[in-house]
Amino acid sequence: MNVHGFLPKKTLYASYVFYDRWYNTPNYRKINSFRTMDEIVLNSDGSFDLYISPEKIDHPNWIDTGGLFEGSYSSRYMLSEETVFPDIKVVKISDVKKTVND
């Protein structure tokens, strides 16, 4: 899954999280199932692309599902002056790997 968007302006905290079907994060000490706004690598236009996948993707904004193929995703904002939700689309892992490796 590709999550594309912009960080909200004037926000204290933002995070983007993958949860399993019981709304738990996978073992976050071993599996990076989320990214905070401070960890996200931005594109040249100020936007970001996150990739949520059970397969490792060599991208700094990869969110690991811990091998799970189903679950839910959440954008969380704290003390934000605006609410900006990213666009989400399903993409093929092979297409993402091709783009990242080019």
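Quick note: structure is the one above.
Reading guide: rules and limits
Residues numbered from 1 in each chain as written. Predicted model: local features only at pLDDT ≥ 70, side-chain atom pairs only at ≥ 80, totals over all residues. Heavy atoms only, no water. Pairing = 2+ DSSP bridges. Helix = DSSP H or I, 4+ residues; strand = E, 2+ residues; numbered from the N terminus. Axes fitted to C-alpha atoms, helices over the stretch in contact; angles between N-to-C directions. Patch = residues over 30% accessible without salt bridge, like charges linked within 9 Å, V, L, I, M, F, W, Y side chains within 5 Å. Areas by Shrake-Rupley, 256 points an atom, 1.4 Å probe, with all protein chains shown as cover. Salt bridge = Lys/Arg side-chain N within 4 Å of Asp/Glu carboxyl O. Core = buried A, V, L, I, M, F, W, Y, C linked by side-chain atoms within 4.5 Å. Buried < 20%, exposed > 50% of the residue type's maximum accessible area, 1.4 Å probe, protein only. Contact = heavy atoms within 4.5 Å.

> Hey, could you go over the sheet that holds strand E6 (residues 72–78) for me, with residue numbers and the actual values?
Within a beta sheet, neighbouring strands are joined by backbone hydrogen bonds and run either parallel or antiparallel to one another. Taken in spatial order, the three strands line up as E3-E2-E6 in an open sheet, and their pairing is antiparallel. The two strands at the open ends of the sheet, each matched to only one other strand, are strand E3 (34–36) and E6. Across this sheet, the average inter-strand angle for adjacent strands is 10 degrees, counted without regard to direction. Sheet topology places strand E2 (residues 13–19) next to E3; three bridges connect them, and they run antiparallel.

> Would you mind going over a nonpolar patch on the surface in detail, with residue names and values included?
Together, Leu-12, Tyr-13, Met-78 and Leu-79 make up an exposed nonpolar region whose accessible area comes to about 420 Å². Structurally, Leu-79 is set in the loop between E6 and strand E7 (87–89).

> Tell me about the nonpolar core, and please be specific about residues and values.
Counting eleven residues, the largest nonpolar core is built from Val-3, Ala-14, Tyr-16, Phe-18, Met-37, Ile-40, Phe-48, Leu-50, Ile-52, Ile-63 and Tyr-73. Elements with a minimum of two residues in this core: E2 and strand E4 (47–53). The contact partners of Tyr-73, leaving out residues within four places of it in the chain, are Met-1, Val-3, Tyr-16, Val-17, Ile-52, Pro-86 and Ile-88.

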